[in-house]
Amino acid sequence: MQTPLIDLQDIRKSYGGDDAPEVHVLRGIDLSIHAGEFVAIVGASGSGKSTLMNILGCLDRPTSGEYRFAGENVAGLDSDELAWLRREAFGFVFQGYHLIPSGSAQENVEMPAIYAGTPAAERHARAAALLDRLGLAERTGNRPHQLSGGQQQRVSIARALMNGGHIILADEPTGALDSHSGKEVMALLDELASQGHVVILITHDREVAARAKRIIEISDGLIISDNAHENPSAQNSATAGALQAVDLRKRLSEGAEATGAWKGELVDAVHAAWRVMWINRFRTALTLLGIIIGVASVVVMLAVGEGSKRQVMAQMGAFGSNIIYLSGAAPNPRTPPGIVTLDEVAALASLPQINRIMPVNGAEAGVRFGNLDHMSYIGGNDTNFPAIFNWPVVEGSYFTQADEANGAAVAVIGKKVRDKLLKDVANPIGQYILIENVPFQVVGVLEGKGASSGDQDSDNRIAIPYSAASVRLFGTHNPEYVVIAAADARKVHETEKAIEQLMLQLHNGKRDFELTNNAAMIQAEARTQNTLSLMLGSIAAISLLVGGIGVMNIMLMTVRERTREIGIRMATGARQRDILRQFLTEAVMLSVVGGIAGIALALLVGGVLILSEVAVAFSLMAVVGAFACALVTGVVFGFMPARKAARLDPVTALTSE
Ligand code: ADP
Ligand code: MG
């Protein structure tokens, strides 16, 4: 006699015990089923049929007794091996169909093959062929709610057959169907039995049970009749060999370890995740706000920070990194600011560290041309201007030494002044403008600096001879500030020290002046940057934390809403790690979507900022970094719910509401 495929000895199952009253549902079942048999298990409702089927299908474990599958004691198998067995050996057909509501018929049928690692093309073809064979060729794209009960049951039979379905376990398959659909399903099971599948049919209906060759009657958790001996089993060849003991142990350990499935599963998981997100898109969007804001704020603020840094850099480049500014300053709030005189400028000029020195006598003033008025910075300075600031003229020419000597009323105007006041004039050279009602003749137009310095206001400037500024406009000969070019750009600091020393000497030790340079400006900028980064980091951290909790919240809800689906997936052969991977994928998908939305929002905000002339420089690093943070958030906060899903007990999950 061959080893029976299924061999139960004294199987008992009881529920409750600790606090609830103990219920003995199965009270000592002995049963063996051989390859090729068509068995009906019949009994009244509540007699323990479903409990028995769940044990047979390795969805549940008995409280005591021994279950040998093809000679192998099932109690010794771990959860992965049980999953393998469900996937390779069994095909379940339930009274309530148990299809995954968000998937199409085709996707539902393909699911067991995904967990088995069948290549996509083969999977698609096989699922299509099965659906065609069951008369559902036209319905492959329909979701369960678009199918009738009979059609849904046929889809679930196709799913049971997907991986071979050597043993079909059908629990009241016709229970929810009208008599016509019920007959169709029964005919199908008949046909499968005659093709060599082991069919175990569970029913309370004797008439339905009568289709089977062997009828086992169960009552109150005990077998009360079994006509096995009147009906020696068929031992049909097709399955007979397929699952025999030969090397089950080896195949089990290999199968449970199979890794080829991950790619198909990943695609499936991403698909499923996307569908679930799409169905609940409003809820998803709301919950993702944390991540979106976190990512967007990081990217935007870094971009603004980087933008202003580059602007300062550009200014430094545009005006020269060797420039030092000297001006009077109050040593303390009660004393008036000191004055730097032209004599002192002359004294400083003799310092060897200094290349050029140029006093500037300037102020904001009103400028008029025709009937147009404009405020601009009027700087009285000498002819060092173009060289010291590296700032050439594009029209006309700079004023000359002679103009300076004569105090000539001539002006070299910045680009912005040209654009504001003289835009309608083809040739501004020779035109007269009024500065504080004093007429000045335009002799040149400066090149635009704004584009390169990032500071449009640097072009809102008019350069006039120092002498003219002092006499005609401001009534003082003292400079507002002094521009000094260090001879060596690498020794700005030393130059500054030398100037400081001489100035202290000239001012009798009184520190009523101030020295700044572009390098110092950069440093100040860097300090601001650090503060900004810190602030930004905390905003991002808080947002991502909130976002992460959002993801966790969604995932916990998802796991609760889809407990049944998890059960179905387990029944079709998903291992714990497959479920874990799926829900983790969903969590990561969520945060990836949040991250992408955040980056999109950041770009949008950045665009608006650019339009309002704020310097913005997006860095790839910031974008990638923020995105990676979102991803990590998904993994970290998705893990707990995913593990919760993976640890669900197959029967509990399957029978949940
Ligand atoms: P059948 O499928 O034959 O109608 P079941 O196997 O579903 O019967 O259930 C048999 C008995 O076991 C019922 O009395 C039911 O109340 C009990 N039962 C089933 N599952 C549980 C459970 N998880 N906890 C407690 N009792 C259960
Ligand atoms: Mg039942």
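Parameters at a glance
Residues numbered from 1 in each chain as written. Chains lettered and ligands numbered in written order. Predicted model: local features only at pLDDT ≥ 70, side-chain atom pairs only at ≥ 80, totals over all residues. Heavy atoms only, no water. Core = buried A, V, L, I, M, F, W, Y, C linked by side-chain atoms within 4.5 Å. Buried < 20%, exposed > 50% of the residue type's maximum accessible area, 1.4 Å probe, protein only. Domains from an automatic or database assignment. Contact = heavy atoms within 4.5 Å. Near = heavy atom within 4 Å. Polar contact = N/O pair within 3.5 Å; in protein donor to acceptor, adjacent residues only side chain to side chain. Areas by Shrake-Rupley, 256 points an atom, 1.4 Å probe, with all protein chains shown as cover. Helix = DSSP H or I, 4+ residues; strand = E, 2+ residues; numbered from the N terminus. Salt bridge = Lys/Arg side-chain N within 4 Å of Asp/Glu carboxyl O. Pairing = 2+ DSSP bridges. Axes fitted to C-alpha atoms, helices over the stretch in contact; angles between N-to-C directions. 1 Å grid on protein atoms, 1.4 Å probe; cavity = no way out; pocket = protein on both sides within 12 Å on 5 of 7 lines; lining within 4 Å. Points joined across faces, edges and corners; volume = space filled by probe spheres on them. Nonpolar A, V, L, I, M, F, W, Y, C, P; charged D, E, K, R; others polar.

S.K.: I would appreciate a short explanation of the nonpolar core in the present structure.
M.R.: Among soluble globular proteins, nonpolar side chains are generally buried collectively. In this structure, I6, Y67, F69 and F90 are the most contacted members of the largest nonpolar core, which totals 76 residues. For this core, the two domains that each supply at least three residues are domain 1 (6-260) and domain 2 (274-314 + 524-654). Those residues in contact with F90 that lie beyond four places of it in its chain are I6, L56, G57, C58, Y67, F69, L85, A160, I167 and L169. Within the second largest apolar cluster, 35 residues are counted, among which are L99, L147, L177 and A193.

S.K.: Sorry if this is basic, but what is going on with the site of ligand 1 here?
M.R.: By nearness alone, every residue bordering ligand 1 is listed as Y15, V25, A44, S45, G46, S47, G48, K49, S50 and T51. Between ligand 1 and S47, the relevant distance is 3.3 Å, taken from an oxygen atom to a main-chain nitrogen or oxygen of the residue. Interatomic distance of 2.7 Å between a side-chain N/O atom of S50 and an oxygen atom of ligand 1. Protein chains bury 57% of the 560 Å² of accessible surface belonging to ligand 1 in isolation. Residue contributions to the shell around ligand 1 peak at 3 residues, all from helix α1 (residues 49-56).

S.K.: Explanation requested: the pattern of salt bridges in the structure shown.
M.R.: Opposite charge on two side chains permits pairing when their charged atoms draw close. Overall, the coordinates contain 24 salt bridges when judged by the stated rule. Here E172 ties to K49 by a salt bridge, and the two come within 4.0 Å at their closest N and O atoms. Within this pair, whereas E172 is found in the loop between β7 (167-171) and α6 (179-194), its partner K49 is found in helix α1, the two being separated by 123 residues in sequence. Because the salt bridges share partners, they merge into one network encompassing R562, E565, R569 and E586.

S.K.: Help me understand the sheet that holds strand β4 (residues 64-69) in this model?
M.R.: Strand pairing in a sheet is mediated by backbone hydrogen bonds. Such pairs are either parallel or antiparallel. Taken in spatial order, the 4 strands make up an open sheet running β2-β1-β4-β5, and their pairing is antiparallel. Looking at strand neighbours, the two that pair on one side only are β2 (23-33) and β5 (72-73), the edges of this open sheet. With respect to the sheet, α1 is in contact with β1 (6-15), β2 and β4, its orientation differing from that of β1 by roughly 125 degrees.

S.K.: What is the right way to read the layout of surface pockets from this model?
M.R.: Over the atoms rolls a probe the size of a water molecule, and its path tells where empty space is left. Here the largest pocket is characterised by a volume of approximately 450 Å³. Lining the largest pocket we find 23 residues, and of these S50, T51, N54, D171 and T655 sit closest to its centre. Elements represented by at least two residues in the lining of the largest pocket include exactly β1, α1 and α23 (650-654). Considering each element in turn, the lining of the largest pocket owes the most residues, 4 residues, to α1. Counted by class, the lining of the largest pocket contains 5 nonpolar, 10 polar and 8 charged residues. Split by domain, the lining of the largest pocket shows at least three residues from each of two domains, domain 1 (6-260) and domain 2 (274-314 + 524-654).

S.K.: Can you help me understand empty space enclosed by the protein in this one?
M.R.: By the definition in use, this model includes 3 cavities of 30 Å³ or more. Within this model, the largest cavity holds a volume of roughly 100 Å³. Residue lining of the largest cavity: 13 residues in total, with F90, G91, F92, R159 and T572 positioned closest to the centre. When residues of the lining of the largest cavity are traced back to their parent elements, those giving at least two are α2 (79-88), β6 (90-93), α5 (149-161) and α20 (563-571). For the lining of the largest cavity, a count of residues per class yields 7 nonpolar, 3 polar and 3 charged. Each of domain 1 (6-260) and domain 2 (274-314 + 524-654) gives at least three residues to the lining of the largest cavity. In this structure, the second largest cavity encloses a volume near 70 Å³. In this structure, the second largest cavity is lined by A273, V276, M277, N280, R283, T284, I554, M555, T558, E586 and L590. Sorting the residues of the lining of the second largest cavity by element identifies α10 (262-279), α11 (281-319), α19 (518-561) and α21 (576-611) as the ones contributing at least two each. Across the lining of the second largest cavity, the residue classes break down as 6 nonpolar, 3 polar and 2 charged.

S.K.: Looking at this structure, I do not really get the pairing of strand β3 (residues 38-42). What am I missing?
M.R.: Taking burial as the measure, the 5 residues of β3 include 5 buried ones, the bulk of the element. Of the two faces of β3, the one carrying F38, A40 and V42 and the one carrying V39 and I41 are both buried. Bridge count between β3 and strand β8 (residues 198-203): 5 bridges; the pairing is parallel. Within the sheet, the bridge partner assigned to F38 lies in β8 and is V199. Taken together, the 4 bridges between β3 and strand β9 (residues 214-219) define a ladder with parallel strand orientation. By the bridge assignment for β9, I41 is matched with I216.

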